[in-house]
Amino acid sequence: MLFEPITLPCGQTLKNRAVKAAMEENMADASHYPSVGLKKLYSAWAHGGVGLIISGNVMIDKMAMTGPGGVVLEKHTPLDAFTDWATQAKQNQCKAIMQINHPGRQVMKNMGGKNLSASDIAVDIGKHSNLLAQPRAMTNDEILDVIQRFVDTALKAKDAGFDGVQIHAAHGYLLSQFLSPLTNKRNDEWGGDLHNRARILYEVIQRVREAVGTTFIVAVKINSADFQRGGFDVEDAISVVTTLNTLSLDFVELSGGSYEAPAMQGKSGDERTLAREAYFLEFATQIAEHAKMPIMVTGGIKRRHIAEKVLSKNVDLIGMASALAFSPDLVKKWQKGNEIDGFVPNVQWKDKAMTGLANMALVKRQLQRMGKGKTPRTNHSPLLSLILDRVRIARLTKAYRRWIAVD
Ligand SMILES: Cc1cc2nc3c(=O)[nH]c(=O)nc-3n(C[C@H](O)[C@H](O)[C@H](O)COP(=O)(O)O)c2cc1C
């Protein structure tokens, strides 16, 4: 099943069902274009055997960044570096799509720039909350501007040679903030009942599809649930997917969580193998019953037989992120009959926020190694990786602040 091709609704065919899920790399160059290292990394993944690569999230507004060192693609951004990036990612009959995103309120305070959200509700991550910026509720014009930016960036991705885009509406970023009743307290047409809260997502999808035409991949990543009491839940996800059925999408990727409840990093409590190794599968199978478009599930997958099991449950594509940071050619090895298990870091410290950052730092360190043409390593110290990451992020944050000040 894993190595069966699939033709998406837009007519493009993926050579197999294995997808490199989005991972923010923070590896842009000084102009926030894809760097030489980033292109090298994507070449490794393209040769690693997956049928589809989804890029790390690309920012639609340079003033609103998920993190420093991120790639930015706006209406007037020169395309040369992006064309090279697409070319590297599309080697070996691999398709490549660009994930496009706006962070909304999930922006570190020291980044500067815009701090916008559906409502003026700040991220609550306990004692670390003061690291994040206080958002302001967006005006109607700002909402229309964001929708237009998604369209502009999608069109530029197409011009650069990408096969499609994925609109990021998961993990507590802006579109996900609109979807959740905990973060969207608006009483205009963009808030209130679920249909109104999802209006911005539907508008973005419709407008992007109109702009890019029928043969370009348009996908969406949404949460199967936010994992917060009173938040966006699986019933909401089913309702949204039912509407998405009418919007000419190529696939929906199901994930979960946010900065406040980082479920995408796994639930250590659940000991059942399938739940431990495919975090969102139960929700995904419920949602898939209502979906007319292909469904992709990401989260915790690193072993071939688990990937096959997930695909046997009404799921069309399996996404892997962390495992492909440690073994970019895992899928190629599986195809050759080597049943090797992938590696996913599993730091478990008392401080949940630091644990999440350490796991991310271990993964990002491998991306940087591959960008330098080095082989990833599974034996790096989590603490040292976290320290190196924090030093690097501080340096990139300073550079970003300088960049927005002069640009
Ligand atoms: C370093 C890192 C960066 C990530 N960046 C993104 C991102 O830019 N966009 C996104 O949708 N998900 C992002 N994710 C989440 C992954 O796509 C995925 O949903 C999550 O890691 C669970 O899958 P995994 O267990 O295979 O890693 C990131 C994950 C990691 C580890």
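Residues numbered from 1 in each chain as written. Predicted model: local features only at pLDDT ≥ 70, side-chain atom pairs only at ≥ 80, totals over all residues. Heavy atoms only, no water.

(A) Seen up close, the overall build of the chain. Across its full length, the chain carries 14 helices and 13 strands. In summary, the chain has a C-alpha radius of gyration of 19 Å against a globular reference of 22 Å for 407 residues, a match within 12%. In terms of overall dimensions, the chain has C-alpha extents of about 55 × 45 × 45 Å along its principal axes. Counting across all 407 residues of the chain, residues that qualify as buried make up 59%. (Helix = DSSP H or I, 4+ residues; strand = E, 2+ residues; numbered from the N terminus. Rg over C-alpha atoms; globule rule 2.2 N^0.38 Å. Buried < 20%, exposed > 50% of the residue type's maximum accessible area, 1.4 Å probe, protein only.)

(B) A look at helix α14 (residues 382-406). For α14, spanning 25 residues, the distance from its first C-alpha to its last is 36 Å, which sits close to the expected 36 Å at 1.5 Å a residue. Turning to α14, its buried residues number three or more, namely Ser385, Leu386, Asp389, Arg392, Ile393, Leu396, Thr397, Tyr400, Trp403 and Ile404. Turning to α14, the residues buried within the fold contact α13 (352-371). Of the residues that open α14, the one with a side-chain oxygen 3.3 Å from the backbone nitrogen of Leu383 is Ser381. (Expected span 1.5 Å × (residues − 1). Contact = heavy atoms within 4.5 Å. Polar contact = N/O pair within 3.5 Å; in protein donor to acceptor, adjacent residues only side chain to side chain.)

(C) Structural view of the pairing of strand β12 (residues 295-298). Residues Ile295 and Val297 point to one face of β12 and Met296 and Thr298 to the other, with burial holding for every one of them. Relative to β12, strand β11 (residues 251-255) runs parallel, the two sharing three bridges. Looking across to β12, one finds that Val252 is bridged to Ile295. Direction of pairing for β12 relative to strand β13 (residues 317-320): parallel, over a ladder of three bridges. What sits directly across from Met296, in β13, is Leu317. After leaving β12, the chain enters helix α10 (residues 304-311) and then returns to the sheet as β13, a path that is right-handed. (Pairing = 2+ DSSP bridges. Right-handed = clockwise from strand over helix to strand, strands pointing away.)

(D) Geometry of the packing of aromatic side chains. One pass over the structure, following the stated rule, counts eleven aromatic pairs. Centre to centre, the rings of Phe326 and Phe343 are 4.8 Å apart; their planes meet at 70°, and the pair counts as edge-to-face. With Phe326 in helix α11 (residues 322-326) and Phe343 in the loop between α12 (330-335) and α13, this pair connects stretches of sequence that are 17 residues apart. On the accessibility criterion, Phe326 (8% relative accessible area) is buried. Here a set of aromatic residues connected by ring pairs shows up, and it is made of Tyr33, Tyr42, Trp45, Phe82, Trp85 and Phe162. (Phe/Tyr/Trp six-rings, centres within 6.5 Å; stacked < 30°, edge-to-face > 60°.)

(E) Highlighting the packing of helix α3 (residues 140-160) against helix α6 (residues 199-212). Axis separation between α3 and α6 bottoms out at 9 Å; the angle between their running directions is 35°. Between α3 and α6 the crossing geometry is right-handed. On the side of α3, the interface is formed by Ile143, Ile147, Gln148, Phe150, Val151, Ala154, Leu155 and Lys158, while α6 contributes Ile200, Glu203, Val204, Arg207, Val208, Ala211 and Val212. Looking at the contact of α3 with α6 residue by residue, the classes come out as eleven nonpolar, one polar and three charged. (Axes fitted to C-alpha atoms, helices over the stretch in contact; angles between N-to-C directions. Left-handed = near helix turned anticlockwise from the far one by under 90°. Nonpolar A, V, L, I, M, F, W, Y, C, P; charged D, E, K, R; others polar.)

(F) Structural context of the pattern of salt bridges. Enumeration over the complete set of coordinates arrives at 17 salt bridges. The salt bridge involving Arg209 is made with Asp250; its shortest N-O contact spans 2.8 Å. Linking Arg209 in helix α6 with Asp250 in the loop between α7 (234-244) and β11, this pair joins segments that are 41 residues apart in sequence. Summarising the burial analysis for this pair, Arg209 and Asp250 share the class buried. Its salt-bridge partner being Arg304, residue Glu308 comes within 3.0 Å of it at the nearest N-O pair. Of this pair, Glu308 and Arg304 both sit in helix α10, four residues apart, which is roughly one turn of that helix. Side by side, Glu308 and Arg304 carry an identical accessibility label, which is buried. A single network of salt bridges, built from pairs that share partners, joins Asp61, Glu74, Lys114, Asp145 and Arg149. (Salt bridge = Lys/Arg side-chain N within 4 Å of Asp/Glu carboxyl O.)

(G) Structural context of α6. The first and last C-alpha atoms of α6 sit 20 Å apart over 14 residues, in line with the 20 Å expected at 1.5 Å per residue. Restricting attention to buried positions, one finds in α6 the residues Ile200, Leu201, Tyr202, Val204, Ile205, Val208, Arg209 and Val212. Those residues of α6 that are buried lie in contact with α3, β9 (164-169), α4 (174-179), α5 (194-197), β10 (217-223) and α7. Positioned one or two residues after α6, Gly213 has a phi angle of 90°, which is positive.

(H) Layout of the site of the ligand. Around the ligand, a shell composed of 20 residues is seen, among which Ala22, Glu24, Gln99, Gly300 and Ser322 lie nearest. At 2.7 Å from a nitrogen atom of the ligand is found a side-chain nitrogen or oxygen belonging to Gln99. Ser322 places a polar side-chain atom, nitrogen or oxygen, 2.5 Å from an oxygen atom of the ligand. For the ligand, the accessible surface in isolation is 600 Å², of which the surrounding protein chains cover 93%. If you tally residues by element for the shell around the ligand, the top one is α13, at three residues. Residues belonging to the shell around the ligand are distributed by class as follows: eight nonpolar, nine polar and three charged. (Near = heavy atom within 4 Å. Areas by Shrake-Rupley, 256 points an atom, 1.4 Å probe, with all protein chains shown as cover.)

(I) A look at the environment of Ser31. Counting through the fold element by element, Ser31 comes out in the loop between β3 (18-20) and α1 (36-46). Ser31 sits in the partly exposed class, given a relative accessible area of 33%. Sequence separation of Ser31 and Gly69 is 38 residues, and the distance between their C-alpha atoms is 9.2 Å.

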